[in-house]
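Listed below, chain by chain, are the residues.
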Amino acid sequence: MSWTLHEPTLDVDAGLRPTHVKVDLDALADNLGAIQAHLGPQVQIMPVLKANAYGHGLVPVARLMERLGAPCLGLAYLEEGIRLRQAGLSVDMLVMGGILGSQIPLFLEHGLIITASSVDKLTAVEECAAAMGRRARVHLKVDTGMERLGVHWYSAEKLLEAALSLKHVQVEGIFTHLANADAADLSHSRLQLERFEQVLDFYPRHSLPTPLRHAANSGGVLQLPESWYDLVRPGILLFGVYPSPEVQRTIAVRPALEWLSRVVYFKVVEAGSPVSYGSTWAPDRRTRLVTVPVGYGDGYFRAMSDRAQVLLRGRRYPVVGRICMDQVMVDIGWDSAWNGDEVVLVGRRDGQEIGAEELAEWAGTIPYEVLTNINTRVPRVYRCERWPELTEQR
Ligand SMILES: *Cc1c(COP(=O)(O)O)cnc(C)c1O
């Protein structure tokens, strides 16, 4: 079993940095398989890999998904698609975010699918494609209750109609996004789906073929079979994390990411001697502290100060005092630890587990932000037993 470095971010070998992230690509493959098994063969999966694949590393995860036969990848931004094309990926990619007119030529040049949310944008795409002698591939976006991107469901017909007359635009899909699919109360999601149905009715009413329909994020995949349509768009679930504490866990998945570091210093601190910036914490007895080279400059939220815990030698210990930019202190009581000992920030050891969900609770945020916040200073290493070539550096 070996782990290899991908995308070194500071141009140094990962071995020099005790703090790193391990991504188990086999776990991602298993999660995709578990989701597909739950959906059945009629529903396709578009893995959503925005924000550096939820912190797991865009290119290696995208290569895995391409290898696993994903029909299309879901991205937020144009530059994520360009990055993947430059890395040699040829799979379809839908950029789900909003677009600027000036970006349209790049979409066409790199063969990326555009999200169109208005007649104006669609017309701009048509003009650009005509000028370039290309055919633009588009999914139409309908807003059914998120108020973010998309034409409102009550005025969507204009957009659907306009799309029919364009010679250089191929409408391949139509989608909406659910605002509350991971909640216990699914009434708003059901209302959104009803509105989406009203919009989709346009196609049979005009005896036209319906483009690929999609609506479900991870919450929809887990809780709302009526949101699955032709294709689903799971993000966080693919990475083995549930979108909310209350969501029904109808599919078993496991985390693919571990965030690790090592002890680099050890000291004995006297009772009453305050620790770290602001002197917010002091031990009430003589104790042993270890220093770990990770901090908010790596994305280990400062808001977790005096709340976070880590695993060391199979036990949980508290992070004490303020979290610094590059270091944290851990109180190990009168236990022993040595320089070089592994410290688990996120991961599982000896029956103990610290998940992204728990960090989210300590930081007052959601696991999505915990994962996407692990920044580029932290090297990622990969393991894939099924396709070892996917972990080779390219
Ligand atoms: C981020 C996103 C998703 C995936 O959401 P998860 O909750 O991570 O599954 C799906 N669709 C759109 C439009 C998104 O922006």
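Everything quoted here is computed from the prediction, not taken from an experiment.

### Some thoughts on unusual backbone geometry
Working step 1: The phi torsion at Glu147 lies on the positive side, around 55°, for a residue other than glycine.
Working step 2: As for its placement among the helices and strands, Glu147 is situated in the loop between β7 (136-143) and β8 (151-152).
Working step 3: Within the chain, Asp306 stands out as a residue other than glycine whose phi angle is a positive 65°.
Working step 4: You can see Asp306 is positioned in the loop between β14 (287-292) and β15 (309-312).

### Some details on the pairing of strand β18 (residues 342-349)
Two faces, one strand: in a regular strand the side chains alternate between the faces of the sheet.
Working step 1: Strand direction decides the pairing type here: strand β12 (residues 257-262) and β18, joined by four bridges, are antiparallel. When the sheet's bridge partners are listed, Ser261 is paired in β18 with Val343.
Working step 2: For β18 and strand β19 (residues 352-354), the ladder comprises three bridges, and the chain directions are antiparallel. Note that in β19 the partner of Arg348 across the bridge is Glu353.
Working step 3: Counting the residues that bridge the hairpin from β18 to β19 gives two residues, and of these Asp350 lies at a positive phi of roughly 50°.

### What to know about the domain arrangement of the protein chain
Working step 1: Taken domain by domain, the protein chain comprises domain 1 (26-239) and domain 2 (257-377).
Working step 2: Using C-alpha coordinates to define each centre, domain 1 is positioned 39 Å away from domain 2.
Working step 3: Opposite the five residues of domain 1 that make contact, domain 2 presents five residues.
Working step 4: When the two sides are added together, the surface that domain 1 and domain 2 hide from each other amounts to roughly 580 Å², 74% of it contributed by carbon and sulfur.
Working step 5: Counting the surface domain 1 buries against domain 2, the share from its top three residues, Tyr54, His56 and Ile236, is 65%.
Working step 6: The interface formed by domain 1 and domain 2 includes zero salt bridges.
Working step 7: On inspection of domain 1 and its partner domain 2, the count reaches zero residue pairs in polar contact (both at pLDDT 80 or more).
Working step 8: Looking at side-chain class alone, the side of domain 1 that touches domain 2 contains three nonpolar, two polar and no charged residues.

### Here we look at the environment of Tyr203
Working step 1: Mapped onto the fold, Tyr203 is located in helix α9 (residues 202-205).
Working step 2: For Tyr203, a relative accessible area of 4% gives the class buried.
Working step 3: The spatial distance from the C-alpha of Tyr203 to the C-alpha of Leu160 is 8.8 Å, given a sequence separation of 43 residues.
Working step 4: For Tyr203, the contacting residues outside a window of four places in its chain are Leu140, Leu160, Ile174, Leu208, Pro209, Thr210 and Pro211.

### A closer look at the packing of aromatic side chains
Working step 1: Using the criterion set out here, one finds six aromatic pairs in the structure.
Working step 2: Relative to Tyr368, the ring of Tyr54 has its centre 6.2 Å away and its plane inclined at 40°; by these criteria the two rings are tilted. Of this pair, Tyr54 sits in helix α2 (residues 50-54) while Tyr368 sits in helix α12 (residues 367-373); the two residues are 314 residues apart in sequence, bridging distant segments of the chain.
Working step 3: Taken together, a centroid distance of 4.7 Å and an interplanar angle of 75° make the contact between Trp153 and Tyr154 edge-to-face.
Working step 4: For Tyr154, a relative accessible area of 56% corresponds to the exposed category.
Working step 5: Note that Arg195 overlies the ring of Trp153, its terminal NZ or CZ placed 3.8 Å from the centroid.
Working step 6: Of note, Arg288 hangs over the ring of Trp334, and the distance from its end group to the ring centre comes to 4.4 Å.

### Observations concerning the site of the ligand
Working step 1: Inspection of the region around the ligand gives Lys50, Tyr54, Met96, Arg148, His177, Asn217, Ser218, Arg233, Pro234, Gly235, Ile236 and Tyr368 as its neighbouring residues.
Working step 2: The side chain of Lys50 places a nitrogen or oxygen atom 2.6 Å from an oxygen atom of the ligand.
Working step 3: Tyr54 is positioned such that a nitrogen or oxygen atom in its side chain is 2.5 Å from an oxygen atom of the ligand.
Working step 4: For the ligand, whose unbound accessible area comes to 390 Å², protein coverage reaches 92%.
Working step 5: By residue class, the composition of the shell around the ligand is five nonpolar, four polar and three charged.

### Description of the pattern of salt bridges
Working step 1: Under the counting rule described, the total for this entry stands at 23 salt bridges.
Working step 2: Here Asp284 ties to Arg285 by a salt bridge, and the two come within 3.8 Å at their closest N and O atoms.
Working step 3: Judged by relative accessible area, Asp284 falls into the exposed class, the value being 69%.
Working step 4: Exposure remark for Arg285: the relative accessible area of 36% places this residue in the partly exposed category.
Working step 5: Overlapping salt bridges, with partners in common, bring together Arg17, Asp298, Asp326 and Arg377 in one network.

### A word on helix α4 (residues 78-86)
Working step 1: Three or more residues of α4 are buried, namely Leu78, Glu80, Gly81, Ile82, Leu84 and Arg85.
Working step 2: Looking at the buried residues of α4, the elements they touch are α2, α3 (58-67), β4 (72-75), β5 (92-95) and α5 (104-109).
Working step 3: Backbone geometry just after α4 places Gly88 at a positive phi near 95°.

### Digging into helix α1 (residues 25-39)
Working step 1: Here α1 contains 15 residues, and its C-alpha end-to-end distance of 21 Å stays within 8% of the 21 Å for a straight helix at 1.5 Å per residue.
Working step 2: Where α1 is concerned, the buried positions are Leu25, Asp26, Ala27, Leu28, Ala29, Asn31, Leu32, Ile35 and Leu39.
Working step 3: For α1, the elements touching its buried residues are β2 (20-24), β3 (44-45), α3, α10 (218-223), β11 (231-232) and β20 (380-383).
Working step 4: With a side-chain oxygen positioned 3.1 Å from the backbone nitrogen of Asp26, the residue opening α1 is Asp24.

### Thoughts on the packing of α3 against α4
Working step 1: Contact geometry for α3 and α4: axes closest at 10 Å, N-to-C directions at 70°. Relative to α4, the element α3 lies roughly perpendicular. Relative to α4, α3 is oriented so that their crossing is right-handed. In this structure, α3 contributes Leu58, Val59 and Ala62 to the contact, and α4 contributes Glu80, Arg83 and Leu84.

Quick notes on the rules
Residues numbered from 1 in each chain as written. Predicted model: local features only at pLDDT ≥ 70, side-chain atom pairs only at ≥ 80, totals over all residues. Heavy atoms only, no water. Helix = DSSP H or I, 4+ residues; strand = E, 2+ residues; numbered from the N terminus. Pairing = 2+ DSSP bridges. Domains from an automatic or database assignment. Contact = heavy atoms within 4.5 Å. Buried area = accessible area lost by both parts, 1.4 Å probe. Salt bridge = Lys/Arg side-chain N within 4 Å of Asp/Glu carboxyl O. Polar contact = N/O pair within 3.5 Å; in protein donor to acceptor, adjacent residues only side chain to side chain. Nonpolar A, V, L, I, M, F, W, Y, C, P; charged D, E, K, R; others polar. Buried < 20%, exposed > 50% of the residue type's maximum accessible area, 1.4 Å probe, protein only. Phe/Tyr/Trp six-rings, centres within 6.5 Å; stacked < 30°, edge-to-face > 60°. Lys NZ or Arg CZ within 6 Å of the ring centre and 35° of its normal. Near = heavy atom within 4 Å. Areas by Shrake-Rupley, 256 points an atom, 1.4 Å probe, with all protein chains shown as cover. Expected span 1.5 Å × (residues − 1). Axes fitted to C-alpha atoms, helices over the stretch in contact; angles between N-to-C directions. Parallel < 35°, antiparallel > 145°, perpendicular 65-115°, else oblique. Left-handed = near helix turned anticlockwise from the far one by under 90°.

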